[in-house]
Amino acid sequence: MSLTAAGAISEHTVPGEKAPSTSDKSFDRKGDVETATVDADSEEGVLSDERDIATHVISVDDDASLNPWTLRAFFIGLGLSTFGGVLAEIYYFKPQTVGVLLMFLAVISYVLGIFMETFVPRRGILRYLNPGPFNKKENAFIVIMANASASSAFATEVLAVQRLYYNITPNAGTSVFLLFSSQLLGYGIGGMMRSILLYPSKMLYPGVLPLMSMFDALYEGGMAARKKLRVFYIVFAAIFVWELFPEWIFPLLTGLSIFCLAAPNNATVSRVFGGSNGNEGLGLLSICFDWQYISGVLNPMTIPLKAQVSNLIGYILCVVVFVAVYYNNIWKAQNFPFLSQLLFYENGTQYDQTLILNSNYEVDPALLAEQGLPYYSSTWVVLLLSQNLGLAATFTHLLLWNWDDICFAWSWMNPAGIKDIWANFDWKFWQDDGMRKQHVDDEDIDPHYKQMLKYPDAPNSWYFVVFLLSFVVALVVLYETDSTLPWWGFLISLLLATISILFLGAFAAITGLAFTIQTFGQMIGGYLHKGLPVANMYFVLYGYNTVYQAQLLLQDLKIAQYAKLPPRAAFTAQIIGTLLGAILNYIMMNSIIDNQREILLSVQGTNIWSGQQPQMYNSQAIAWGGLSHELFSAGQRYQWVSWSYVVGLFIPVPFWVIHKYWPKLRADYLYTPIIAYVIGTLSVGINSSLLSFFAISFLSQWWLRTRHPRWFVKYNYIVGAALDGGTQVMVFILSFAVQGAGGTSHLFPTWWGADQGGNYDHCLMLN
């Protein structure tokens, strides 16, 4: 059995481009939770594997005459990259982790492209900005460039922590090169793994499917495309207007809780059922009407059903474990806030880590003895445990279920393979024609990738050069910034990242759920560099962020593959967007810290600004980098955080054994890494959206996909695209108009549906 994206179990070779059938034995088994009950008039069956989804939800056709290399594409791409880079850094300092979504960038780029096509003259000098009809490949080029820019560079987190907690402000030049090197290392490594993590059909990348479905609706002709486009416009307009209410006028809709309204002064109710504000509570049974939070990280209409079942099990366990840990006072839980990512003294006051560091930012044993060891809130300890369990389980899960794929990925690791790579490597990378030698008639080749073979590739040598330059710059920056991280520690962080990219990259591509190695990197860095919290931050920067950037690169290259954007155009867009975004992230970070410093240092923050992410990173750096032996080693207070790596390695084994000997029990339906990882997921942020998230997910990926497959194929992803796009446009407008992103905030006047002095769901404010 191998991981599959649609939720079915694939035990045969990948089928060709045939229409999926409701009688296909690979899917419709007696007793299967996903057995199809199809519309009587349906001509289509249930999409049963990745290849079905990739060839029936989105178009395989390619028009080679479409040109992405236009001045218009660069003009809009640079403008939208600037916009996305600024917005991403604003969102980094929000109370809920919300990203600048692909759909938002795609919608804006389409509107701008059509505007220029319609109104820019095609004569005179302006004709270069309007060479003809705005096309799909231009749009894909712009989206990839903007998306590379529109993620907050992780190095800004290091710099923010240094400014907020260490009163260190590195010079601008060194800071920018730190951003460049940390952003591009992952591109180099991920780019050299394209044959494994990008080209095969099973590497579906479910999160980009709504975007591609929207592109097909916007640029394909015919009645079917016009119907999809009409649905897109209606849903987009409706959610655009609706978001004005939960985001500004009626924020109670962020988390409507009957329990909070019934018992507004009960602390337990607030912890368990509250969730409309940052770090308020678990949001159990709250109903969220704000699509920004329902789809802020993952669009529920895109994640495969198998992954969502495991996600739901993990969520239920999370609620149970958090409540049990807190009310049994494990790790002195009741001394501290229920949800928090800060460090505390035993009496519950915030820990001042500067009092245990000497002038070289190293932990001083004498000062530590005077201050005492810090504590975490107990729910945060559960998060650390669950992340470690899930990460370790991922390696075992893939080795058990996808052994052949892993062996193929590392097949080059032998003397003959290395010799072959060396012999065929073109050191004159600028002369590489990029044409790939592959049999286009091979039925095993992904249909989208087959169309891409006509275009010159961005060869591995290009990605190797990116890696090499980033590597050299990183080494220089490490010593210029007094990072305290030695060169050999930097090499170990890259080795850790390279291995993780293969395993975690495959898991993310198949399931749509991405795991982080941040905690694992902090643990390794802490034991390697004892008593050096700043070194730990840099170790994690070049370990964890390299994995994240590689996954981002591969996702965007999948967009290029689905849109048939030539590889060299995609490469150019990614490099430009990444470098521009890094500079803008740095400028915005400094501006926000200058204006919101006190709020960023507070425990709960506000509904608009929050320092939860730099707080989390700082507390982790102190705990792991400075105090790993004292807090996490065997026999110490949080020893099970470290032991959880060992336990996690064995979690998938019983399920694999059960499925091997008793397959009818369907133990293969559970992704144990997801279940383990999600057990700690409610430890921070706004948690009121989970009930709505799962309800929409099961409505889409189970009821619609198996009961109404024709509707699912035509409209599921286009509706998801419209909801994301309309929401993101309105949220951006409100961020600057009324929520203080541009300076002063203008909250809606206080009324029952907008309790500006407390929690919006009327639960008791505890922190």
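Structure first, text after, so check above.
Everything numeric in this text was worked out from a predicted model, so none of it was measured.

Asks: Teacher, can you tell me more about the overall build of the chain here?
Replies: Counting its secondary structure elements, the chain contains 31 helices and 2 strands. Sequence-distant contacts, at least 24 apart, represent 80% of the contacts inside the chain between residues at least 6 apart. In the structure as shown, the chain presents an accessible area of about 28800 Å², 65% of it carried by carbon and sulfur atoms.

Asks: In this structure, what is going on with the packing of aromatic side chains? I would like to understand it.
Replies: Geometry of an aromatic ring pair is reported as the spacing of the ring centres plus the angle between the planes. In this structure the tally under the stated criterion is 43 aromatic pairs. When the ring of Trp248 is compared with that of Phe748, the centres are 5.0 Å apart and the planes differ by 85°; the resulting orientation is edge-to-face. With Trp248 in helix 10 (residues 244-249) and Phe748 in the segment after helix 31 (709-737), this pair connects stretches of sequence that are 500 residues apart. On the basis of relative accessibility, which here comes to 23%, the residue Trp248 falls in the partly exposed class. By way of ring pairs, the aromatic residues Trp331, Tyr376, Trp624, Phe632 and Tyr638 are connected into one cluster. Lying across the ring of Tyr669, Lys306 places its NZ or CZ 5.8 Å from the centre.

Asks: In this structure, what is going on with the state of the cysteines? I would like to understand it.
Replies: Note on terminology: a disulfide is the covalent bond linking the sulfur atoms of two cysteines. Counted by the stated rule, this structure contains 1 disulfide. At a sulfur-sulfur separation of 1.9 Å, the disulfide partner of Cys260 is Cys763. One quick way to see it: the torsion about the S-S bond of Cys260 and Cys763 is about -80°, and its sign makes the bridge left-handed. Pair noted here: Cys260 is in helix 11 (residues 258-262) and Cys763 is in the segment after helix 31, with a separation of 503 residues, a long-range link.

Asks: In this structure, what is going on with unusual backbone geometry? I would like to understand it.
Replies: Leave glycine aside and you will find that most residues have negative phi; peptide bonds, for their part, are mostly trans. Of note, Asn279 is a non-glycine position whose phi angle comes to about 60°, a positive value. Backbone geometry at Arg666 places phi at a positive 55°, although glycine is not the residue there. By the element assignment, Arg666 lies in the loop between helix 28 (652-661) and helix 29 (672-678).

Asks: Just checking my understanding: could you explain the packing of helix 2 (residues 71-92) against helix 31 for this structure?
Replies: Between two packed helices, what matters for the description is the angle formed by their axes and the separation of those axes. Two numbers describe how helix 2 lies on helix 31: the axes approach to 12 Å, and their chain directions differ by 70°. Viewed along their axes, helix 2 and helix 31 adopt a mutual orientation that is roughly perpendicular. Mapping the contact onto sequence places Phe83, Val86, Leu87, Ile90 and Tyr91 in helix 2 and Gln728, Val731, Phe732, Ser735 and Phe736 in helix 31. Within the contact of helix 2 with helix 31, the residues separate by chemical class into 8 nonpolar, 2 polar and no charged.

Asks: Quick question: what am I supposed to make of a nonpolar patch on the surface here?
Replies: The grouping of Val241, Trp242, Phe245, Ile258, Phe259, Leu261, Leu285, Ile287, Phe289, Leu691, Trp751 and Trp752 at the surface amounts to a nonpolar patch, some 1100 Å² of accessible area in total. Elements supplying a minimum of two residues to the nonpolar patch: helix 9 (223-242) and helix 11. Ranked by residues supplied to the nonpolar patch, first place goes to helix 11 with 3 residues.

Asks: Honestly, the environment of Ala366 in this entry has me stumped. Any pointers?
Replies: Inspection of the secondary structure puts Ala366 in helix 15 (residues 365-371). Classification of Ala366 as exposed rests on a relative accessible area of 54%. It is 8.1 Å that separates the C-alpha atoms of Ala366 and Ile356, two residues lying 10 residues apart in sequence.

Asks: I tried to follow a positive patch on the surface on my own but got confused; where do I start?
Replies: The grouping of Arg226, Lys227, Arg230 and Lys714 at the surface amounts to a positive patch. Counting residues per element, the positive patch draws most heavily on helix 9, at 3 residues.

Asks: Would you mind showing me how to read the nonpolar core here?
Replies: Nonpolar side chains tend to gather and get buried jointly when the protein is soluble and globular. Counting 211 residues, the largest nonpolar core has Leu197, Leu211 and Met214 as its most contacted members. Per-element tally for this core: the top contributor is helix 23 (residues 533-563), with 19 residues. Dropping the residues within four chain positions of it, Leu211 is found in contact with Leu102, Met103, Ala106, Val143 and Ile559. Of all hydrophobic cores here, the second largest spans 5 residues; its members include Cys260, Val269, Phe273 and Cys763.

Asks: Any chance you could explain helix 23 here in plain terms?
Replies: One turn of an α-helix holds 3.6 residues; hence residues three or four places apart share an orientation. Along its 31 residues, helix 23 runs 44 Å from first to last C-alpha, staying within 8% of the 45 Å computed at 1.5 Å per residue. Maximal helix bending in helix 23 amounts to about 25°, located at Asn545. For helix 23, the buried fraction is high: 29 of the 31 residues fall into the buried class. A positive phi of about 65° marks Lys564, the residue just after helix 23.

Asks: Could you clarify how one ought to interpret helix 21 (residues 487-511) in this entry?
Replies: An ideal rise of 1.5 Å per residue puts 36 Å on 25 residues; helix 21 measures up with 35 Å between its terminal C-alpha atoms. A bend of about 35° at Ile501 is the largest found in helix 21. Of all the 25 residues making up helix 21, 18 are buried; the element is thus mostly covered by neighbouring parts of the structure. One or two positions beyond helix 21, positive phi appears at Gly512, with a value near 85°.

Asks: Would you explain the environment of Ala535 in this entry?
Replies: Looking at where Ala535 falls in the secondary structure, it is placed in helix 23. Overall, the relative accessible area of 0% leaves Ala535 in the buried class. As for Ala535 and Gln522, which are separated by 13 residues in sequence, their C-alpha atoms are 10.0 Å apart. Those residues within four positions of Ala535 in sequence are excluded, and the remaining contacts are Ser483, Thr484, Leu485 and His529.

Asks: Before we go on, may I ask you to explain the side chain of His762 in this structure?
Replies: You can see His762 is positioned in the segment after helix 31. A polar atom in the side chain of His762 sits 2.6 Å from the backbone oxygen of Trp752.

Asks: Can you walk me through the pattern of salt bridges in this structure?
Replies: Oppositely charged side chains can form a pair if their charged atoms are brought close together. Throughout the structure, instances matching the rule amount to 8 salt bridges. Linking Asp62 and Lys137 is a salt bridge whose minimum nitrogen-to-oxygen distance equals 2.9 Å. A residue pair is termed long-range when its members are at least 10 positions apart, and Asp62 in the loop between helix 1 (50-56) and helix 2 and Lys137 in helix 4 (residues 136-149) qualify at 75 residues. Close ionic contact of Asp216 with Lys136 constitutes a salt bridge, the shortest N to O distance being 3.1 Å. Note that Asp216 is positioned in helix 8 (residues 209-219) and Lys136 in helix 4, a separation of 80 residues in sequence. For the pair Asp216 and Lys136, one class covers both residues: buried. Several salt bridges converge on common partners, so that one network encompasses Asp62, Lys137 and Lys454.

About the thresholds
Residues numbered from 1 in each chain as written. Predicted model: local features only at pLDDT ≥ 70, side-chain atom pairs only at ≥ 80, totals over all residues. Heavy atoms only, no water. Helix = DSSP H or I, 4+ residues; strand = E, 2+ residues; numbered from the N terminus. Contact = heavy atoms within 4.5 Å. Areas by Shrake-Rupley, 256 points an atom, 1.4 Å probe, with all protein chains shown as cover. Phe/Tyr/Trp six-rings, centres within 6.5 Å; stacked < 30°, edge-to-face > 60°. Buried < 20%, exposed > 50% of the residue type's maximum accessible area, 1.4 Å probe, protein only. Lys NZ or Arg CZ within 6 Å of the ring centre and 35° of its normal. Disulfide = S-S within 2.5 Å. Axes fitted to C-alpha atoms, helices over the stretch in contact; angles between N-to-C directions. Parallel < 35°, antiparallel > 145°, perpendicular 65-115°, else oblique. Nonpolar A, V, L, I, M, F, W, Y, C, P; charged D, E, K, R; others polar. Patch = residues over 30% accessible without salt bridge, like charges linked within 9 Å, V, L, I, M, F, W, Y side chains within 5 Å. Salt bridge = Lys/Arg side-chain N within 4 Å of Asp/Glu carboxyl O. Lys, Arg positive; Asp, Glu negative; His and termini not counted. Charge placed at Lys NZ, Arg CZ, Asp CG, Glu CD. Core = buried A, V, L, I, M, F, W, Y, C linked by side-chain atoms within 4.5 Å. Expected span 1.5 Å × (residues − 1). Bend = angle between axes of the 7 residues up to and from the residue. Polar contact = N/O pair within 3.5 Å; in protein donor to acceptor, adjacent residues only side chain to side chain.

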